Amino acid sequence: QVQLVESGGGLVEAGETLRLSCTASGRNFISYGMGWFRQAPGQSRDFIAAVKPGGKYKYYSGAYRGRVSISRDDAKNSVFLEMNGLSPGDTAVYYCGAAENSANLPFGLISDYDYWGQGTQVTVSS
């Protein structure tokens, strides 16, 4: 079973830049498509960004006005998310997901992913 662990959340101030990390167990990280989602209380888990194996192809939700960036470091079994210009509306639990068979996946759906981390809480205060 692949384990994913997110880190970097917590209480942050509005206007700050957030950098989240997700580290995976196992030896097949290089083959995974990786994605970031977030879920506010009482809401759905919504797509933020994804990156395919190799890191060349990245996909972003249009809801973030270009203020989000995803990257991966296969040597560290890690994927990262940076989000600029935080506001209270960004308060949510942020999750990373891993897709084993990612060649033909759109990466925007929860069902595209085989493994999920426990999530990291991000609370933005003003």
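These numbers come from a predicted model, not from an experiment.

Trainee: It is not clear to me how the nonpolar core should be interpreted in this structure. Could you clarify?
Mentor: Note that soluble globular proteins tend to have their nonpolar side chains buried in a common cluster. Among the nonpolar cores identified, the biggest contains 29 residues, and Leu4, Met34, Trp36, Ile48, Val79, Leu81 and Tyr94 are the most heavily contacted of them. When contributions to this core are tallied by element, the ones reaching two or more residues are strand S3 (18-24), strand S4 (33-39), strand S5 (45-51), strand S7 (68-73), strand S8 (78-83), strand S9 (92-99) and strand S11 (120-125).

Trainee: Which parts of the structure should I look at to understand the packing of aromatic side chains?
Mentor: With the rule as written, the count across this model stands at 7 aromatic pairs. Aromatic pair Phe37 and Tyr113: ring centres 5.3 Å apart, planes at 85 degrees, arrangement edge-to-face. Of this pair, Phe37 sits in strand S4 while Tyr113 sits in the loop between S9 and strand S10 (115-116), and the two are 76 residues apart along the sequence. On the accessibility criterion, Tyr113 (6% relative accessible area) is buried. Ring geometry for Tyr59 versus Phe107: centroids 6.1 Å apart, planes at 20 degrees, classification stacked. You can see Tyr59 sitting in strand S6 (residues 58-60) and its partner Phe107 sitting in the loop between S9 and S10, a full 48 residues away along the chain. Classification of Phe107 by relative accessible area gives buried; the value is 0%. Sitting over the face of the ring of Phe80, Arg19 holds its NZ or CZ atom 4.4 Å from the ring centroid. Here Arg45 stacks its cationic end above the ring of Tyr95, 3.6 Å away from the centre of that ring.

Trainee: Looking at this model, I keep getting lost on unusual backbone geometry. Mind explaining?
Mentor: For Arg65, which is not a glycine, the phi torsion comes out positive at approximately 55 degrees. Checked against the element boundaries, Arg65 lands in the loop between S6 and S7. Phi at Asn77 takes a positive value of approximately 50 degrees, unusual for a residue other than glycine. With respect to the element layout, Asn77 can be found in the loop between S7 and S8.

Trainee: What exactly am I supposed to notice about the state of the cysteines here?
Mentor: Disulfides are covalent bonds that connect the sulfur atoms of two cysteines. Counted according to the given criterion, the structure contains 1 disulfide. There is a disulfide in this structure between Cys22 and Cys96, and the S-S distance comes to 1.8 Å. Residues Cys22 and Cys96 share a disulfide whose torsion about the S-S bond is about 50 degrees; that sign makes it right-handed. Here the residue Cys22 occupies a position in strand S3, and Cys96 occupies one in strand S9, the gap between them amounting to 74 residues. Cys22 sits in the buried class, given a relative accessible area of 0%. Residue Cys96 is classed as buried on the basis of its relative accessible area of 0%.

Trainee: Where do I start with the pattern of salt bridges in this structure?
Mentor: Opposite charge on two side chains makes pairing possible when the charged atoms of those side chains draw close. Here the structure, examined in full by the defined rule, presents 4 salt bridges. Measuring nitrogen to oxygen at the nearest pair gives 2.8 Å for the salt bridge that ties Arg72 to Asp74. Residue Arg72 is classed as buried on the basis of its relative accessible area of 14%.

Trainee: How should I be thinking about the environment of Gly15 in this particular structure?
Mentor: The topology assignment puts Gly15 in the loop between strand S2 (10-13) and S3. Note on Gly15: relative accessible area 55%, which makes it exposed. Gly15 sits 98 residues away from Tyr113 along the chain, and the two C-alpha atoms are 31 Å apart. Leave out the neighbours within four places in its chain, and Gly15 touches Gly85 and Leu86.

Conventions we followed
- Every residue gets a number counted from 1 within its own chain, in the order that chain's sequence is written.
- Local features are withheld for residues below a pLDDT of 70 in this predicted model, meaning they are given only at 70 or higher, and side-chain atom pairs are given and counted only at 80 or more; totals for whole chains, interfaces and linings count all residues.
- Side-chain measures were taken over the full set of non-hydrogen atoms in the model, leaving aside hydrogen atoms and water.
- Residue types Ala, Val, Leu, Ile, Met, Phe, Trp, Tyr and Cys, when buried and joined through side-chain atoms within 4.5 Å, form a set referred to as a nonpolar core.
- Think of it in three bands: with a 1.4 Å probe and only protein chains considered, a residue is buried below 20% of the maximum accessible area for its type, exposed above 50%, and partly exposed in between.
- Secondary structure counts use DSSP, requiring at least four H or I residues in a row for a helix and at least two E residues in a row for a strand, with both numbered from the N terminus.
- Stacked, edge-to-face and tilted are the three classes for Phe, Tyr and Trp ring pairs, Trp counted by its six-membered ring, which pair at centre distances within 6.5 Å; planes under 30 degrees apart are stacked, over 60 edge-to-face, the rest tilted.
- By the criterion adopted, a ring carries a charge over it if an Arg CZ or a Lys NZ lies within 6 Å of its centre and within 35 degrees of its normal.
- When the sulfur atoms of two cysteines come within 2.5 Å, that pair is taken as a disulfide.
- Any carboxyl oxygen of Asp or Glu that lies within 4 Å of a side-chain nitrogen of Lys or Arg is treated as forming a salt bridge with it.
- By definition in these notes, contact holds between two residues if any of their heavy atoms fall within 4.5 Å.

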